[in-house]
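Residue-level structure breakdown
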Amino acid sequence: MPLFYQHNINESTKLGVWHIVEPEDFFLAKVPLQHDITHPHKRLQHLAGRYLLRFLFPDFPNELIRIASTKKPFLPDEAFHFSISHCGDYAAAIVSRTNRVGIDIEIPTRKVARVRHKFLHAEELAIVEGEDAVFSLPDIETENIFLRKLTLVWSAKEAVFKWYGNGEVNFSDQIRLQPFHDMAFMPETGKMTGLFLKEQTRSLELPFVNFKEICLVWVMT
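Notes on the structure in this doc start here. (Residues numbered from 1 in each chain as written. Predicted model: local features only at pLDDT ≥ 70, side-chain atom pairs only at ≥ 80, totals over all residues. Heavy atoms only, no water.)

**Overview of the overall build of the protein**
In terms of regular secondary structure, the protein is built from eight helices and eleven strands. Relative to its length of 221 residues, the protein is compact, with a C-alpha radius of gyration of 18 Å against a globular reference of 17 Å. Once the C-alpha set of the protein is aligned to its principal axes, its extents read approximately 50 × 40 × 35 Å. Burial analysis of the protein (221 residues in total) assigns 50% to the buried set. Summarising the internal contacts of the protein: among those between residues at least 6 apart in sequence, 55% fall at separations of at least 24. When the accessible area of the protein is evaluated, it comes to approximately 10,900 Å², of which 52% is carbon and sulfur surface. (Helix = DSSP H or I, 4+ residues; strand = E, 2+ residues; numbered from the N terminus. Rg over C-alpha atoms; globule rule 2.2 N^0.38 Å. Buried < 20%, exposed > 50% of the residue type's maximum accessible area, 1.4 Å probe, protein only. Contact = heavy atoms within 4.5 Å. Areas by Shrake-Rupley, 256 points an atom, 1.4 Å probe, with all protein chains shown as cover.)

Below you can see the structure in the form of structure tokens.
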């Protein structure tokens with residue numbers, strides 16, 4: 001059973017990451033396929049995410065999940081709040097009986113550096129650009145740290161977007177984070193802080209875990 005990671009935040013809130021190596025039948029024995037998904041790997045990701053919901057809380061009613069117009073999955077009675085993320089061969093989920101939640105996992109790649117201007121605010125970008133020389137150095141380890149930190153910021157903003165759940169969020173202007181100032185150091189775990197600036201200003205804390213394979217970030221309010 002490839003449970004990659006589990007964190008019980010409190011009695012009512014849990015999260016987990018699943019490394020997907022099983023065939024479809026493994027998941028279908030536990031959870032229904034509620035959508036017509038033709039791509040085999042995307043279908044596996046979908047099933048693994050919903051399997052995790054019930055793994056974390058055995059009484060989670062998967063069959064009652066509905067999809068909002070913003071594409072956010074939800075339960076009509078809100079007996080649980082939850083968020084799901086997929087990336088590569090991994091699925092992540094956070095579930096809470098009492099708290100609004102969001103989660104995201106990402107695999108660090110060079111693409112995140114090329115598109116950083118699309119999700120970073122000018123102030124965030126200035127911090128990153130100040131370290132841009134690091135990215136051009138032939139030190140692979142330093143470059144990997146730089147890419148991982150950019151990925152964590154991107155993942156944090158995705159987690160906030162899912163936490164919000166109502167779509168139409170400008171990542172650069174309406175989700176503002178305090179990026180890492182020391183781009184040459186990469187902690188395994190930590191916490192970012194930020195502001196959500198749509199509708200009303202909300203202060204947020206975003207814990208993260210740096211695995212070798214993926215970056216994991218979540219938010220709970």
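So, next bit.
**Remarks on the pattern of salt bridges**
Scanning the entire structure with this criterion turns up seven salt bridges. The salt bridge involving Asp-104 is made with Lys-162; its shortest N-O contact spans 3.1 Å. Pair noted here: Asp-104 is in strand S7 (residues 101-106) and Lys-162 is in helix H7 (residues 140-164), with a separation of 58 residues, a long-range link. What makes Asp-104 buried here is its relative accessible area of 2%. (Salt bridge = Lys/Arg side-chain N within 4 Å of Asp/Glu carboxyl O.)

**A short note on the side chain of Glu-106**
Along the polypeptide, Glu-106 turns up in strand S7. For the buried Glu-106, no salt bridge exists, and the shortest N-O distance to an oppositely charged side chain is 6.1 Å, to Lys-162. Residues in contact with Glu-106, not counting those within four places in the same chain, are Cys-87, Thr-151, Trp-154, Ser-155, Glu-158, Ile-214 and Cys-215. (Lys, Arg positive; Asp, Glu negative; His and termini not counted.)

**Quick word on the packing of aromatic side chains**
Applying the stated rule across the entire model yields 18 aromatic pairs. These aromatic residues form a ring-pair network of at least three members: Trp-18, Phe-26, Phe-27, Tyr-51 and Phe-55. The ring of Phe-57 is capped by Lys-14, whose NZ or CZ atom sits 4.9 Å from the centre of that ring. The ring of Trp-163 carries Arg-100 above its face, with NZ or CZ at 4.6 Å from the centroid. (Phe/Tyr/Trp six-rings, centres within 6.5 Å; stacked < 30°, edge-to-face > 60°. Lys NZ or Arg CZ within 6 Å of the ring centre and 35° of its normal.)

**As for the sheet that holds strand S2 (residues 13-19)**
Spatially, S1-S2-S6-S5 is the arrangement adopted by the four strands of the open sheet, whose pairing is antiparallel. Since the sheet does not close on itself, it has two edges, and those belong to strand S1 (3-10) and strand S5 (81-87), each with one partner. On average, each strand axis in the sheet is inclined to that of its neighbour by 10°, with strand direction left out of account. One ladder, built from six bridges, connects S1 with S2; its direction is antiparallel. (Pairing = 2+ DSSP bridges. Axes fitted to C-alpha atoms, helices over the stretch in contact; angles between N-to-C directions.)

**Remarks on the pairing of strand S9 (residues 189-196)**
As defined by bridge partners, strand S8 (residues 175-177) adjoins S9 across three bridges and the pair is classed as antiparallel. Along S9, the bridge assignment pairs Leu-177 with Gly-194. As paired strands, S9 and strand S10 (residues 202-210) are joined by eight bridges and run antiparallel to one another. Residue pairing for S10: Met-192 is matched across the bridge by Leu-206. Hairpin connection between S9 and S10: a loop of five residues separates the two successive antiparallel strands, and Glu-199 in this loop has a positive phi of roughly 70°.

**A closer look at the nonpolar core**
Met-192, Phe-196 and Leu-206 are the most contacted members of the largest nonpolar core, which has 30 residues in total. Secondary-structure elements contributing two or more residues to this core are helix H3 (111-114), helix H5 (122-129), H7, S8, S9, S10 and strand S11 (215-220). The greatest single-element share of this core, amounting to eleven residues, is contributed by H7. Apart from the residues within four sequence positions on either side, Leu-206 is in contact with Ala-156, Ala-159, Val-160, Leu-177, Gly-190, Lys-191, Met-192, Val-217, Trp-218 and Val-219. Grouped together as the second largest cluster of nonpolar side chains are 21 residues, Phe-27, Ala-48, Phe-82 and Ala-91 included. (Core = buried A, V, L, I, M, F, W, Y, C linked by side-chain atoms within 4.5 Å.)

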